[in-house]
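Reading the structure
Take a look at the letters that make up each chain.
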Amino acid sequence: MEPRSGSGDARPAVTAVAAVLPAGGSGERLGGATPKQFCALQGRPLVSYTVQAMERIGWISDIIVVVSPENIETMKSVIEKYGHKRVMIVKGGVTRHRSIFNGLKVFAENEFSNHLLRKPEVVIIHDAVRPFVEEDILSKVVMAAKEHGAAGAICPLVSTVIASAADGCLDHSLERARYRASEMPQAFLFDIIYEAYQQCTDYDLDFGTECLHLALKYCKTNAKLVEGTADLWKVTYKRDLYAAESIIKDNLSQQVCVITDVKEAVGQVGFLLHKSLKSQIKVEAVSVSLSKNSHLQNIFSGQCYNFVCVNDKKYAIQETQQLVDTLEKSNIPLLYPVVLISVHLDIAENISFSVDMEELTRIKNFAREVKKKNILVYGLLIQYK
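Please read these numbers as outputs of a predicted model, since none were measured by experiment. As a convention, each chain's residues are numbered from 1 in the sequence order in which they are written. In keeping with the model being predicted, local features are shown solely for residues with a pLDDT of at least 70 and side-chain atom pairs are shown and tallied solely at 80 or more, while totals for entire chains, interfaces and linings include all residues. Processing note: side-chain calculations cover all non-hydrogen atoms of the structure and skip hydrogens and water entirely.

1. With respect to the side chain of Asn71
Under the DSSP-based scheme used, a helix requires at least four consecutive residues in state H or I and a strand at least two consecutive residues in state E, with every element numbered from the N terminus. Looking at the secondary structure, you find Asn71 in the loop between strand S4 (60-67) and helix H2 (72-82). What makes Asn71 buried here is its relative accessible area of 11%. The contact definition used throughout considers only heavy atoms, calling two residues in contact when any of these lie within 4.5 Å. Apart from residues no more than four positions distant in its own chain, Asn71 is found in contact with Pro35 and Phe38. Burial here depends on accessible area, computed with a 1.4 Å probe over protein chains only, as a share of the maximum for the residue type. Under 20% is buried, over 50% is exposed, and the range in between is partly exposed.

2. Regarding the packing of helix H5 (residues 190-199) against helix H7 (residues 211-219)
For any two helices packed against each other, one specifies the crossing angle of their axes together with the interaxial distance. Look at H5 against H7: their axes get within 9 Å of each other, and the N-to-C directions meet at 80°. Our classification of the angle between H5 and H7 gives roughly perpendicular. Within the contact between the two elements, H5 uses Ile192, Ile193, Glu195, Ala196, Tyr197 and Gln199 and H7 uses Cys211, Leu214, Ala215, Tyr218 and Cys219. Across the contact of H5 with H7, the residue classes tally to nine nonpolar, one polar and one charged. Axes here refer to lines fitted to C-alpha atoms; in helices the fit is confined to the stretch in contact. Angles between the N-to-C directions go from 0 to 180 degrees. Orientation categories follow fixed angle ranges, with anything under 35 degrees roughly parallel, anything over 145 roughly antiparallel, 65 to 115 roughly perpendicular, and all other angles oblique. Classification used: nonpolar for Ala, Val, Leu, Ile, Met, Phe, Trp, Tyr, Cys and Pro, charged for Asp, Glu, Lys and Arg, polar for all others including Gly.

3. So, the sheet that holds strand S1 (residues 17-22)
Neighbouring strands of a sheet are bound in pairs by backbone hydrogen bonds; such pairs are parallel or else antiparallel. When DSSP locates at least two bridges between a pair of strands, those strands are taken to pair. The seven strands are arranged S5-S4-S1-S6-S10-S7-S11 in an open sheet whose pairing can be described as mixed. The open sheet is flanked by strand S5 (87-91) and strand S11 (224-227), the only strands paired with a single partner. Strand-to-strand twist of the sheet, defined as the mean angle between neighbouring strand axes without regard to direction, takes the value 25°. Both S1 and S4 contribute to a ladder of six bridges, which runs parallel. Bridging from a neighbouring strand, Pro22 pairs with Val66 of S4. In the packing of H5 onto the sheet, contacts are made with strand S6 (122-125) and strand S10 (180-189), and the angle to S10 comes to roughly 110°. In the packing of H7 onto the sheet, the strands contacted are S6, strand S7 (150-156), S10 and S11, and the crossing angle to S10 comes to about 60°.

4. Quick look at the pattern of salt bridges
Think of a salt bridge as a Lys or Arg side-chain nitrogen and an Asp or Glu carboxyl oxygen that are within 4 Å of each other. Under the counting rule described, the total for this entry stands at 11 salt bridges. The salt bridge partner of Asp206 is Arg98, with a shortest N-O separation of 2.7 Å. With Asp206 in helix H6 (residues 202-207) and Arg98 in helix H3 (residues 96-105), the pair connects residues that are 108 residues apart, well separated along the chain. Linked through salt bridges whose partners overlap, the residues forming this network are Arg96, Asp127, Arg130 and Glu183.

5. What to know about the packing of aromatic side chains
Pairing of aromatic side chains here covers Phe, Tyr and the six-membered ring of Trp, requires ring centres within 6.5 Å, and sorts the geometry by plane angle: under 30 degrees stacked, over 60 edge-to-face, intermediate tilted. By the definition in use, this model includes six aromatic pairs. On the basis of an interplanar angle of 20° and a centroid distance of 5.5 Å, the ring pair of Phe101 and Tyr197 is categorised as stacked. Taken together, the residues span a long stretch of sequence, with Phe101 in helix H3 and Tyr197 in helix H5 at a distance of 96 residues. We note that Phe101, like Tyr197, is buried. Among the aromatic side chains, those forming a connected cluster through ring pairs are Phe101, Phe107, Phe190, Tyr194 and Tyr197. Criterion for a charge above a ring: Lys NZ or Arg CZ within 6 Å of the ring centre, and within 35 degrees of the ring normal. Just above the ring of Tyr49 sits the side chain of Arg44; from NZ or CZ to the centre is 5.5 Å. Over the aromatic face of Phe101 sits the side chain of Lys105, whose NZ or CZ is 4.4 Å from the ring centroid.

6. Some remarks on unusual backbone geometry
Backbone torsion omega between Met184 and Pro185 reads 10°, so that peptide bond is classified as cis. Among the secondary structure elements, Pro185 is positioned in strand S10. Unusually for a residue other than glycine, Lys220 sits at a positive phi of about 55°. Owing to a relative accessible area of 66%, Lys220 belongs among the exposed residues under this scheme.

7. Regarding the packing of H3 against H5
As a packed pair, H3 and H5 sit with axes 10 Å apart at the nearest point and diverge in direction by 130°. One way to sum up the angle between H3 and H5 is to call them oblique. For the pair H3 and H5, the sense of crossing is left-handed. Across the interface between the two elements, His97, Ile100, Phe101, Leu104 and Lys105 from H3 touch Phe190, Ile193, Tyr194, Tyr197 and Gln198 from H5. Looking at the contact of H3 with H5 residue by residue, the classes come out as seven nonpolar, two polar and one charged. Crossings are sorted by hand: turned counterclockwise from the far helix by less than a right angle, the near helix makes the crossing left-handed, and turned clockwise it makes it right-handed.

8. Observations regarding the environment of Ser61
Tracing the chain through its elements places Ser61 in strand S4. On the accessibility criterion, Ser61 (31% relative accessible area) is partly exposed. A sequence separation of 26 residues divides Ser61 from Val87, and the C-alpha atoms of the two residues are 9.3 Å apart. Setting aside its immediate chain neighbours within four residues, Ser61 contacts Val17, Ala18 and Arg86. Whenever a nitrogen or oxygen atom comes within 3.5 Å of another N or O atom, the pair is scored as a polar contact, on the condition that within protein one atom can donate a hydrogen and the other can accept it, and that pairs from neighbouring residues in sequence are kept only if both atoms are in side chains. A polar contact is formed between the side chain of Ser61 and the side chain of Asp62, at a distance of 3.4 Å.

Printed below as a string of structure tokens:
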């Protein structure tokens, strides 16, 4: 019951790709007691959105999340609650570089894992507090890393960079057009970045921040710079949380989850619906037995707010009620209005357009009641031979 990943056209020609997500920051610049990676946006921790962005991409085999020792249990609960797959938690170091190095070691050493994971050809390094990364930019940096050994996303500088003298006065400024801001994601041939970290001095590990520089300094690998998009920014300050939540709300309003029963006719309608919608909005399609409540709970934990449920019962109000009950238990409607379109297929030899008004009234009353719970239910009856 895995959701479909993004476009297959973006799959890079690489045998194995893994991702390391450093998530060990304390959130000092953000302020407050909760590290920014665990701050809730729409009721869900920020790090969960970033992990979800990675696990939706089928060609990423392993996702390593590196957290500080005191947050390991918190991260475990996030993975369990939201059903994240292909994720391993690794204990972080005292600095960013030391945490990334620990994440890489699970592919080459037994120190941080009971068993070695398959060593990837290319490894992606991406901040856990940059949740809006898309498959297209990940594919570009991975393919560039395969060709050049290292690659990273960049964006134009927004402000001019200046240097101050010892007396606090302007010393000089940089020509903004010549320089770029280094962003994430970055990607490396695993052997190159791992060798670079092995050769690092303690000074590099304690004070450095740029992975591309390590590949250049220790492995003479000139990284290919890939133009990134405006949504690669990093959540750093409290105002960034508000901006991120606004983007998440907008994204959620433009995506829908199509749920179909496992029956052939229903599945076919769901497939056609998915095909027609995907050019306009982001669509995830799942086919499950609607009678299995555990499956439904996994679907709703995916943080979607728009659902189309297709079944072959003319008035399947019981199944609609089951979906509504599961939505309520997920607490999703407490945060955002939920739209549930229940499509009923009437498969019959003799088509009759007579409708039982009592049943219609019951459905309307049901929809009116659940509207009070922030769930908007719509019904669609399709009759065909």
